[in-house]
Amino acid sequence: MNAPQSATNVADAEMLMQSVLEAQRSDYTAEGGVSAATRRDRLQRGIDVCVKYQDKVVDALNTDFSCRSREVSLLTDVAASITPMKHCMKHLEKWMRTEKRPTMFPLNLLGGRSTIEYQPLGVVGVISPWNFPVNLTFAPLAGILAAGNRAMIKPSEFTPATSEVMAEMVAEAWDEKEVAIFTGGPEVGQAFSGLPFDHMIFTGATSIARHIMAAAARNLVPVTLELGGKSPVIISRDVDLQMAAQRIMLGKTLNAGQICLAPDYLMVPEERLSDVVEALKSVTEEMYPKLLDNPEYTSVVNERHFQRLNGYLADAAERGITATPINPANEDFSSQEGTHKIPPTLLVNPPEDSKVMEEEIFGPLLPIRTYKDFSETIDYVNAHPRPLGAYYFGKDKAEEEAVLKRTTSGGVTVNDVIMHIMQEELPFGGVGPSGMGSYHGHDGFKTFSHAKSIYRQSRFNIGKLGGMLPPYNSTTEKTIKMQVKN
């Protein structure tokens, strides 16, 4: 329907993006109210291209990561893009209904009526990351289109092959006045973030979010920030250790731990440390008997992140931290060619100032801290920046309640990790350093809509009846006395 957008230099890209923004806003204004049928049609076209391009997406992701399995890409990028669009289509008309709100006494008795109508915001900018590039473009797009908006997308330069496939998908599915995509490096991203959108959603690192927010502030663009942080896993003394280990390591090894919600560190009872380590090793070896030539074990995305993670390991070695690589086949990772694989590695009781405890890991390294009394876990989580996710494994309801009520995080999964993001009717988002705002399902529809307050006045002269119409009189005094009292 439209040609993929690219430009030879940043100045040209900025002019192109500005012109597309103006065209989208003009077309949106001319369209007026966006019907449910139009919204469903736009969503269906998104589903259609995800189905049609699934093999190209798989190949592109494997190219960008140098090793990423077909199954992982289909589950986490293709299917996870289709599901939110289908969910929006199913519930769209219910979400669009005018919402009645109570009208205050005595205006309700006199015929006054209060309602809310959800109106599209206009043009929404989407800055998507590299770890799940298709899903984290199309999932927010589901809510954006369901709410009746237009969209402009800037995907990550770290996954160029996938960005090019997405550019083909967008060009085929929508007119550029509906959805447009712009590929390019960080300079293009910087220019994109400075455009005067009606809303912007950014998924990525907290450090970059500060620049995004500053750029958006110049045009007073409201932002939704989906970031990350160090998501803790608290293991109780009464836990089914085999079950917990399997679920934790599935979350930690999926996409080689390159997930904003991946378990970032464990907190385990001191006396169960060796049991926990053995269980983590055992379940991981069952999932991945080999790593280097195993297409199911994802590579670190590029040299930059490979060196970053190895820097964390070097820092740990210098500090004498016990590191346990889980490498069942004893493969020589220093000899790997064409990929950047790192084995899942456990790091026991690293000090507070070590890099693995200061930085979000975003890779297959897993620090393990021990505790004597359960209250130590709550105190530790609360002493650090609020994470995107928190996880509790155990059967003790008092402990579970302490995690839920006494810690603050974007979301919580009990007796598993990450799974709350898969529930379309749970809002997904962070708090504080881990994010701002949320989306998914109905909450996404509301994030990308303006809840317009509408009050319809009765036929009576309310100003006169209430004594609000000058000159003020005894009726005015009665109204004041009725309201100004304990």
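Residues numbered from 1 in each chain as written. Predicted model: local features only at pLDDT ≥ 70, side-chain atom pairs only at ≥ 80, totals over all residues. Heavy atoms only, no water.

Visitor: Explain the nonpolar core residue by residue, including any values.
Guide: Ranked by size, the top nonpolar core spans 82 residues in total, and within it Phe138, Met169, Ile248, Leu266 and Leu280 carry the most contacts. Considering every element that reaches this core, the biggest residue donor is helix 5 (residues 135-146), with eight residues. (Core = buried A, V, L, I, M, F, W, Y, C linked by side-chain atoms within 4.5 Å. Buried < 20%, exposed > 50% of the residue type's maximum accessible area, 1.4 Å probe, protein only. Helix = DSSP H or I, 4+ residues; strand = E, 2+ residues; numbered from the N terminus.)

Visitor: Explain the packing of aromatic side chains to me, using residue names and the numbers behind them.
Guide: One pass over the full model with this rule turns up twelve aromatic pairs. Ring centres of Phe138 and Trp174 lie 6.2 Å apart, and the angle between their planes is 35°; on these two criteria the pair is classed as tilted. A residue pair is termed long-range when its members are at least 10 positions apart, and Phe138 in helix 5 and Trp174 in the loop between helix 6 (160-173) and strand 5 (179-181) qualify at 36 residues. Exposure remark for Phe138: the relative accessible area of 0% places this residue in the buried category. (Phe/Tyr/Trp six-rings, centres within 6.5 Å; stacked < 30°, edge-to-face > 60°.)

Visitor: Tell me what's going on with helix 4 (residues 70-96), and back it up with residues and numbers.
Guide: Under the 1.5 Å per step criterion, the end-to-end length of helix 4 is 37 Å for 27 residues, consistent within 8% with the ideal 39 Å. At Lys90, helix 4 shows its maximal kink, close to 50°. (Expected span 1.5 Å × (residues − 1). Bend = angle between axes of the 7 residues up to and from the residue.)

Visitor: Please set out helix 6 residue by residue, giving values where relevant.
Guide: An ideal rise of 1.5 Å per residue puts 20 Å on 14 residues; helix 6 measures up with 20 Å between its terminal C-alpha atoms. All of the buried residues in helix 6 are Thr162, Ser163, Val165, Met166, Ala167, Met169, Val170, Ala171 and Ala173.

Visitor: Help me get a handle on the sheet that holds strand 1 (residues 99-101), residues and values and all.
Guide: Working definition: the strands of a sheet are paired by backbone hydrogen bonds and lie parallel or antiparallel to each other. Spatially, three strands are ordered 1-2-16 in an open sheet, and the strand pairing comes out antiparallel. In this open sheet, the two strands that pair with only one neighbour each are strand 1 and strand 16 (449-456). This sheet shows a mean twist of 30° between the axes of neighbouring strands, independent of strand direction. In this sheet, strand 2 (residues 113-120) lies alongside strand 1 in antiparallel orientation, the contact comprising three bridges. Bridged to Arg101 within strand 2 is Ser114. (Pairing = 2+ DSSP bridges. Axes fitted to C-alpha atoms, helices over the stretch in contact; angles between N-to-C directions.)

Visitor: Pulling in residues and values, what's your account of the packing of helix 9 (residues 241-253) against helix 10 (residues 273-287)?
Guide: Interhelical geometry of helix 9 versus helix 10 gives an angle of 60° and a closest axis separation of 8 Å. Classed by the angle they form, the pair helix 9 and helix 10 counts as oblique. The handedness of the crossing between helix 9 and helix 10 comes out as right-handed. Residues Leu241, Gln242, Ala245, Gln246, Ile248, Met249, Leu250 and Thr253 of helix 9 form the contact with helix 10, whose own contacting residues are Asp275, Val276, Ala279, Leu280, Ser282, Val283, Thr284, Glu286 and Met287. (Parallel < 35°, antiparallel > 145°, perpendicular 65-115°, else oblique. Left-handed = near helix turned anticlockwise from the far one by under 90°. Contact = heavy atoms within 4.5 Å.)

Visitor: Explain the side chain of Glu400 residue by residue, including any values.
Guide: With respect to the secondary-structure elements, Glu400 resides in helix 14 (residues 397-406). A polar contact is formed between the side chain of Glu400 and the side chain of Lys397, at a distance of 3.3 Å. Residues contacting Glu400, with those up to four places away along its chain left out, are Tyr392 and Val414. (Polar contact = N/O pair within 3.5 Å; in protein donor to acceptor, adjacent residues only side chain to side chain.)

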